[in-house]
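Structural overview
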Amino acid sequence: HEAEDDHLENYTSIRNIFTRKLRSGVRPVDIKHQLVSPADGTVVHVGRVEKNVIEQVKGVQYSLKTFVGRGVLPKYTHRNGEYTLYTTVVYLSPGDYHHFHSPADWKVHLCRHFPGELLSVSP
């Protein structure tokens, strides 16, 4: 019973159910940890980006440029002139809450849509 409104008949669409408002305090952010998930779900993959390739679920791989678009990522460098990126896949099941939240105050300056086939990552 985490939703502000627990009465299913008050939701007019599936989208409204997935994006329902939660009661205050049901998703506290643990400030002792350096990383928190922005959404409910199950972590199904965590990995390091190697040779500009992102490995996803079930062995599917994507080039970094294909996945995030050209010119999106700034050049992060270390002493050896290389950068290290990590990726995480969080699977949202149909019963999971589908809004994303951030514990930081920030603004979106760029939003991109990458058309293509949508593939299920169901574990």
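Read on for an overview of the structure. (Residues numbered from 1 in each chain as written. Predicted model: local features only at pLDDT ≥ 70, side-chain atom pairs only at ≥ 80, totals over all residues. Heavy atoms only, no water.)

The helix and strand tally for the protein stands at 2 helices and 4 strands. Moving toward the C terminus, one meets the helices and strands of the protein in the order α-β-β-β-α-β. The buried share of the protein, reckoned over its 123 residues, is 15%. Partitioning the intrachain contacts of the protein with sequence separation of at least 6 by distance along the chain shows that 62% fall at a separation of at least 24. Of the roughly 10,700 Å² of accessible surface on the protein, 54% is carried by carbon and sulfur atoms. (Helix = DSSP H or I, 4+ residues; strand = E, 2+ residues; numbered from the N terminus. Buried < 20%, exposed > 50% of the residue type's maximum accessible area, 1.4 Å probe, protein only. Contact = heavy atoms within 4.5 Å. Areas by Shrake-Rupley, 256 points an atom, 1.4 Å probe, with all protein chains shown as cover.)

Below, the discussion takes up the pattern of salt bridges. Counting across every chain of the model gives 1 salt bridge. Between E50 and R48 there is a salt bridge whose closest N-O contact spans 3.8 Å. (Salt bridge = Lys/Arg side-chain N within 4 Å of Asp/Glu carboxyl O.)

Moving on to the side chain of R20. Here R20 is to be found in the loop between α1 (14-18) and β1 (42-48). Look at R20: it is buried, it has no salt bridge, and the nearest opposite charge is E2 at 5.6 Å. Of the polar contacts made by the side chain of R20, one reaches the backbone oxygen of I17; its length is 2.5 Å. (Lys, Arg positive; Asp, Glu negative; His and termini not counted. Polar contact = N/O pair within 3.5 Å; in protein donor to acceptor, adjacent residues only side chain to side chain.)

Tracing the backbone through its elements, the reader meets Y62 in strand β3 (residues 61-63). In sequence terms Y62 and N52 are 10 residues apart; their C-alpha atoms lie 8.6 Å from each other.

The next subject is a nonpolar patch on the surface. Residues V29, I31 and V36 make up a contiguous nonpolar surface patch of roughly 290 Å² in combined accessible area. Following the sequence through the fold, V36 ends up in the loop between α1 and β1. (Patch = residues over 30% accessible without salt bridge, like charges linked within 9 Å, V, L, I, M, F, W, Y side chains within 5 Å.)

This part is about the environment of N52. Tracing the backbone through its elements, the reader meets N52 in the loop between β1 and β2 (53-55). The class for N52 is partly exposed, based on a relative accessible area of 42%. Remark: the alpha-carbon pair of N52 and T84, spanning 32 residues in sequence, is separated by 9.8 Å.

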